[in-house]
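# Overview (structure and organization)
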Amino acid sequence: PAMALAAEFKRASPSKGPMASIEKSCGEQAVQYATAGASMISILTEPHWFIGSLQDMTDARLDTTQLLGPEKRPAILRKEFVTNRYMIL
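Described below are features of the structure shown in this document. (Residues numbered from 1 in each chain as written. Predicted model: local features only at pLDDT ≥ 70, side-chain atom pairs only at ≥ 80, totals over all residues. Heavy atoms only, no water.)

## Describing the packing of aromatic side chains
Evaluated as defined, the whole model comprises 1 aromatic pair. Between F50 and F81 the ring centres are 5.1 Å apart and the planes differ by 10°, which places this aromatic pair in the stacked class. Placement of the pair is F50 in the loop between β4 (40-44) and α2 (54-68) and F81 in the loop between β5 (75-79) and α3 (85-88), with a sequence separation of 31 residues. Judged by its relative accessible area of 10%, F50 falls in the buried class. Owing to a relative accessible area of 36%, F81 belongs among the partly exposed residues under this scheme. (Phe/Tyr/Trp six-rings, centres within 6.5 Å; stacked < 30°, edge-to-face > 60°. Helix = DSSP H or I, 4+ residues; strand = E, 2+ residues; numbered from the N terminus. Buried < 20%, exposed > 50% of the residue type's maximum accessible area, 1.4 Å probe, protein only.)

## Focus: the nonpolar core
Of all hydrophobic cores here, the largest spans 9 residues; its members are A7, F9, C26, A30, A38, I41, I43, A60 and I76. Elements supplying a minimum of two residues to this core: β1 (6-9), α1 (26-35) and β4. Excluding its chain neighbours within four sequence positions, the residues that come into contact with I76 are I41, I43, M57, A60, R61 and T64. (Core = buried A, V, L, I, M, F, W, Y, C linked by side-chain atoms within 4.5 Å. Contact = heavy atoms within 4.5 Å.)

## Looking at α1
Regarding α1, the residues found buried are C26, G27, Q29, A30 and A34. The buried residues of α1 occupy an angular sector of 160° when the element is viewed end-on, so they sit on one face. Looking at the buried side of α1, the elements it contacts are β1, β4 and α2. The backbone nitrogen of G27 has a side-chain oxygen 3.1 Å away, supplied by the residue at the start of α1, namely S25. Positive phi appears at G37, one or two residues downstream of α1, with a value of about 110°. (Arc of directions from axis to C-beta. Polar contact = N/O pair within 3.5 Å; in protein donor to acceptor, adjacent residues only side chain to side chain.)

## A few points about the sheet that holds β5
Spatial strand order, β1-β4-β5: 3 strands in an open sheet with parallel pairing. Since the sheet does not close on itself, it has two edges, and those belong to β1 and β5, each with one partner. Within this sheet the neighbouring strands show an average axis-to-axis angle of 25°, counted without direction. Pairing of β1 with β4, which is carried by 4 bridges, proceeds in the parallel orientation. Its bridge partner lying in β4, A7 is registered against I41. Each of β1 and β4 is contacted by α1, which is oriented at about 165° to β1, the strand it contacts most. α2 rests against β1, β4 and β5 of the sheet, and its axis sits at about 175° to β5. (Pairing = 2+ DSSP bridges. Axes fitted to C-alpha atoms, helices over the stretch in contact; angles between N-to-C directions.)

In C-alpha cells form, the structure reads like this:
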C-alpha cells in the first residue's frame, strides 16, 4: 500500500497566535499541499481562536478540484471544536 500524507491549514493557534499563513489564501495553500502529494487536507474552520471560516474550506475544495479534477483532488476535512453543550446534543 502507498503511504498517505495529511496536511493542515490553520491561520492561528490559541497558544501561538497568528501564523505566517494568515495572509495566504487557503485555496492557494491547499493547491501547494496537493501538488506536494497530500491525500487529505484538514482545514481549521473555528473563527475565534483559529481565525478560520467555512469559506477557507470552500476555497480549498474549489481550487484543488480545478487543478486536479474531482476524482484526483485530496479529501478535504473540516476541523472544528465543540464549545458548548448545545453543539453536542
